[in-house]
Amino acid sequence: MIDLHYWTTPNGHKVSIFLEEAGLPYRIFPVNIGANEQFEPDFLKISPNNRIPAIVDHEPADGGEPLSVFESGAILLYLAEKTGQFIATDRRGREQTLQWLFWQMGGLGPMAGQNHHFNRFAKEKIPYAIKRYVDETARLYGVLDKRLADRAYVAGEQYSIADMAIYPWIVPHTYQEQNLDDFPNLKRWFESVASRDAVKRAYALVDKVNPPKP
Ligand SMILES: N[C@@H](CCC(=O)N[C@@H](CS)C(=O)NCC(=O)O)C(=O)O
């Protein structure tokens, strides 16, 4: 059994997508970051950076004590290695997957996150900051669009943890002032990932965990 400590944000969705895709048994422990639950001492024991998501694996491969993992990229890699799924096993394919997983973790996630912050949440609207992050998001979308011009998925022909990491950050593209019609290969990929049953199930959890306020 896996415990998933998460909230319904892009980084949280990455892990619920994996768990749904792999069919691993898991239970959800909501961490309402709007109510500062990420600072609770019990959560900090498994996620010392006070960020969701985090997991606890009660059946780790070494047969030892429950094993906790924080950082969504590390969690995706851990689960891929645990199940032998969604990461290529050959050296070159594995490196393709990891490069694009790390590209999301170090590039798209932080830049699109700053885009959300300055565009949507900052009380003071700072045109320089908004332009900087909208432009950088557009550049990253362009990189992804080029990458997807001649392959089905980000790491190649197989759907992988790189796609699971990237997809939730493309879902809010309108927040990020991006138009997917400007990125046709990305749009095709986006629609293909969105149509997966496991992805739909992962996003359907929002209604249970964090239903929209009336
Ligand atoms: N690099 C981290 C980022 C996680 C992250 O930023 N999580 C946000 C929600 S998407 C969070 O928990 N924020 C709570 C806070 O800022 O205190 C990861 O990928 O796991």
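Structure shown above.
Procedures and definitions
Residues numbered from 1 in each chain as written. Predicted model: local features only at pLDDT ≥ 70, side-chain atom pairs only at ≥ 80, totals over all residues. Heavy atoms only, no water. Phe/Tyr/Trp six-rings, centres within 6.5 Å; stacked < 30°, edge-to-face > 60°. Helix = DSSP H or I, 4+ residues; strand = E, 2+ residues; numbered from the N terminus. Buried < 20%, exposed > 50% of the residue type's maximum accessible area, 1.4 Å probe, protein only. Contact = heavy atoms within 4.5 Å. Pairing = 2+ DSSP bridges. Axes fitted to C-alpha atoms, helices over the stretch in contact; angles between N-to-C directions.

> Is there a simple way to explain the packing of aromatic side chains in this structure?
What describes a pair of aromatic rings is the distance from one ring centre to the other and the angle between the planes of the rings. Tallied over the entire structure, the rule returns nine aromatic pairs. Relative to F183, the ring of Y141 has its centre 5.5 Å away and its plane inclined at 65 degrees; by these criteria the two rings are edge-to-face. Of this pair, Y141 sits in helix α5 (residues 127-147) while F183 sits in the loop between α6 (161-170) and α7 (184-194); the two residues are 42 residues apart in sequence, bridging distant segments of the chain. Across this residue pair, the class does not change: Y141 and F183 are buried.

> Before we go on, may I ask you to explain the side chain of N50 in this structure?
Tracing the backbone shows N50 in the loop between α2 (41-46) and β3 (54-57). In contact with N50, not counting residues within four places along its chain, are Q38, F39, F43 and L44.

> Got a minute to help me understand the environment of R92 in this structure?
On the secondary structure map, R92 appears in helix α4 (residues 91-121). Taking the C-alpha atoms as reference points, R92 and A112, 20 residues apart in sequence, are found 28 Å from one another.

> Would you explain the sheet that holds strand β4 (residues 67-70) in this entry?
One key point about sheets: their strands pair by backbone hydrogen bonds, in either a parallel or an antiparallel sense. Strand order in the open sheet formed by four strands is β2-β1-β3-β4, with mixed pairing between adjacent strands. Each edge of the open sheet is held by one strand with a lone partner, namely β2 (26-30) and β4. On average, each strand axis in the sheet is tilted by 20 degrees relative to the strand beside it, whichever way the strands run. Two strands pair when backbone bridges link them, and strand β1 (residues 2-6) and β2 are joined in this way by five bridges, in the parallel orientation. Bridge pairing in β2 places D3 opposite R27. Across the sheet, helix α1 (residues 10-22) lies against β1, β2 and β3, angled at about 155 degrees from β1, the strand it touches most. The strands touched by helix α8 (residues 197-209) are β1 and β2; relative to β2, the strand with the most contacts, the crossing angle is about 50 degrees.

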